Amino acid sequence: TSTITMASFKKTLTRAYQKSSTKATPDIAYWKKLEFPVTVKEFTAIDYVDVSPVDPYYIAVTSGPKIDIYHRQATQVWRTITRFQRLAYGGKFKQDGQLLLAGSEDGQVKLFNYKQKQLLRLFKGHEGPTHRVDFIPNLPQIVTFSDDKTAIVWDMSDESRICTLSGHTDFIRAGMASPASENILLSGSYDHTVKLWDTRTASSVLTVDHGAPVESLVCFPSGGVFVSAGGCEVKVWDAIAGRLLSQLSQHHKTVTCLSFASDKKRLMSGSLDRHVKIYDVETYSLVHTIDYPAPVLCMAVAPGDSTLVVGMISSGSGLMSFQHRRNPDTTTDSLSSKEKAANIRSTLSEDLRIMPEDHVVQYAANDKLAKYDIMLRKFKFSTALDAAMKKFICNKTPNVSVAVFQALIRCGGIKTAVAGRNVKSLTPLLTFLKKYIRHPAYKLVLIDVANIVIDVYSDTLDETPALVLPFTQLKDEIEAEVRLSREHISLMGAIEMFFTASNQERPQATTSIEQLTATSAVCNSDVLQALEGGSRARSAEAVLVEVS
């Protein structure tokens, strides 16, 4: 007796063409360790977020007429301060984490003991909304920045005004106290300027022009360098000489916020283009980008980069994103069932010892076939083509669709797969041909497919007017490719003439150029011959002219 064994079905060979990928760097690996974001929706846009500098690192989210204090680890609202009649702005923690300061739309500034939700001080004096506030380090003073074009320094003990800083000609929407000196303040305005103030003389000692309305400011701990954000640019300034040190233009929409990370070794910028960019402060080069689902309005980073908090605006409402850093010391209890099983298998394989007399039976794993391979195996060519024309395959992996075309051509089933289709099932195929027929890696295969489609449906175009437009668009793409190929041949001819005239001094270079010219001319001639008809089918242009 003889045993007949059937050869196993070979999967369709799909060539994945190499794409330009981002080089793996330590920064990318570091920021990829952030967990999947926890999102919280608010009823109004998020104005400002701030993280307490002391443990347990509470997070203040200013949104609408309230300030929510979140517990960082639980990502839940711990306290809510609602002592505002109108919108609240810029909730900011004190350096010791005990107090919270906030501005408001009516110009009043309020100081809270947020743990007991007590209003401690009320500062009145601004004639416009107060968007940004800050505590002056080492002094019982605060500074407030308002739309009335002034900044005011207050005494926290008796709510008295110490000095008023005037000089801006438009709204002040960014400001802070210098971390290096209690007498230096920074303010950024919509008049495109950033001013450095000395509170001892209540005057501006430095003014720089950012070139766009200033949205955010940060200052390095030394106080000698500060960063301004506005428009699509982030600019780094020397606070002593007022000199521009660096200009970062990585966003294509307005930059709304700035923040430091990694112990002031990284600078972060958020923008309305839904991206947060991270820069190295030594070279000011871009090291990583984080994408978000909505325009970014504000952000803050907890000490140790343990949590990244981002406030966004989505359809008129607010959206908060909390991303916690994964704990590197992952315990066995937190592992999933698949990870536990993998650990058990690896342990068993390490303890297993194979003796010389043992017979090892290899486990043959069955490869899971894709749907188009299953249909090809059953000789259902039309269904295989339908599976290859799915949107997620055509858009993300067009090389798979082209590989299925090649398999159908090789087994002689391409005409069967194309024939017998209605307008609905033929439109995806024509759309794919129109989109990729000029692709250098796919054009030779798709030209054959296009010829077959024209052969099959050229006589029925008058009965289905809905197909005239797709065929016309396909014709336009082919004509554009023909023009480009002719221009390539003309260019290679000009290059050949140029090097032929100077071949006395460089014969070897001329020989290599002649080989390159001949190769390119042959390739372009092959493409032209295929595009202009071939021997197996009429061109799309001839068919459309006949129908019209």
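Here we summarise the structure given alongside this text. What you see is a predicted model; the values in this text were computed from it and never measured.

### Remarks on the overall build of the protein chain
In terms of regular secondary structure, the protein chain is built from 12 helices and 28 strands. Counting only contacts in the protein chain whose residues sit at least 6 apart along the sequence, the fraction spanning at least 24 positions is 48%. Total accessible area on the protein chain stands at roughly 29500 Å², and carbon and sulfur atoms take up 52% of it.

### A short note on helix H6 (residues 398–410)
Helical geometry: 3.6 residues make up each α-helical turn, so side chains three or four residues apart lie on a common side. Helix length check: H6, at 13 residues, gives a terminal C-alpha distance of 18 Å against a target of 18 Å (1.5 Å per residue), a fit within 8%. What H6 keeps buried is the set Pro398, Asn399, Val400, Ser401, Val402, Ala403, Val404, Phe405, Ala407 and Leu408. Of the surrounding elements, those touching the buried residues of H6 are helix H3 (371–377), helix H4 (381–388), helix H5 (391–396), helix H7 (414–418), helix H8 (423–436) and helix H9 (443–457). Gly412 sits one or two positions beyond H6 and adopts a positive phi of about 75°.

### Let's talk about the layout of surface pockets
Roughly 340 Å³ of internal volume is contained in the second largest pocket. For the second largest pocket, the lining is made up of 16 residues, of which Met389, Lys390, Lys391, Pro428 and Leu429 are closest to its centre. Listed by contribution, the elements that provide at least two residues to the lining of the second largest pocket are H4, H5 and H8. Ranked by residues supplied to the lining of the second largest pocket, first place goes to H8 with eight residues. Classifying every residue of the lining of the second largest pocket by side-chain character gives seven nonpolar, three polar and six charged.

### A word on the pairing of strand E10 (residues 130–136)
Extensive coverage of E10 is indicated by the burial of seven of its seven residues. Here E10 pairs with strand E11 (residues 141–146) via six bridges, running antiparallel. Paired with Val133 across the strands is Thr144, a residue of E11. Connecting E10 to the antiparallel partner E11 that follows it, the hairpin turn spans four residues, and Asn138 within it adopts a positive phi of roughly 70°.

Analysis parameters
Residues numbered from 1 in each chain as written. Predicted model: local features only at pLDDT ≥ 70, side-chain atom pairs only at ≥ 80, totals over all residues. Heavy atoms only, no water. Helix = DSSP H or I, 4+ residues; strand = E, 2+ residues; numbered from the N terminus. Contact = heavy atoms within 4.5 Å. Areas by Shrake-Rupley, 256 points an atom, 1.4 Å probe, with all protein chains shown as cover. Expected span 1.5 Å × (residues − 1). Buried < 20%, exposed > 50% of the residue type's maximum accessible area, 1.4 Å probe, protein only. 1 Å grid on protein atoms, 1.4 Å probe; cavity = no way out; pocket = protein on both sides within 12 Å on 5 of 7 lines; lining within 4 Å. Points joined across faces, edges and corners; volume = space filled by probe spheres on them. Nonpolar A, V, L, I, M, F, W, Y, C, P; charged D, E, K, R; others polar. Pairing = 2+ DSSP bridges.

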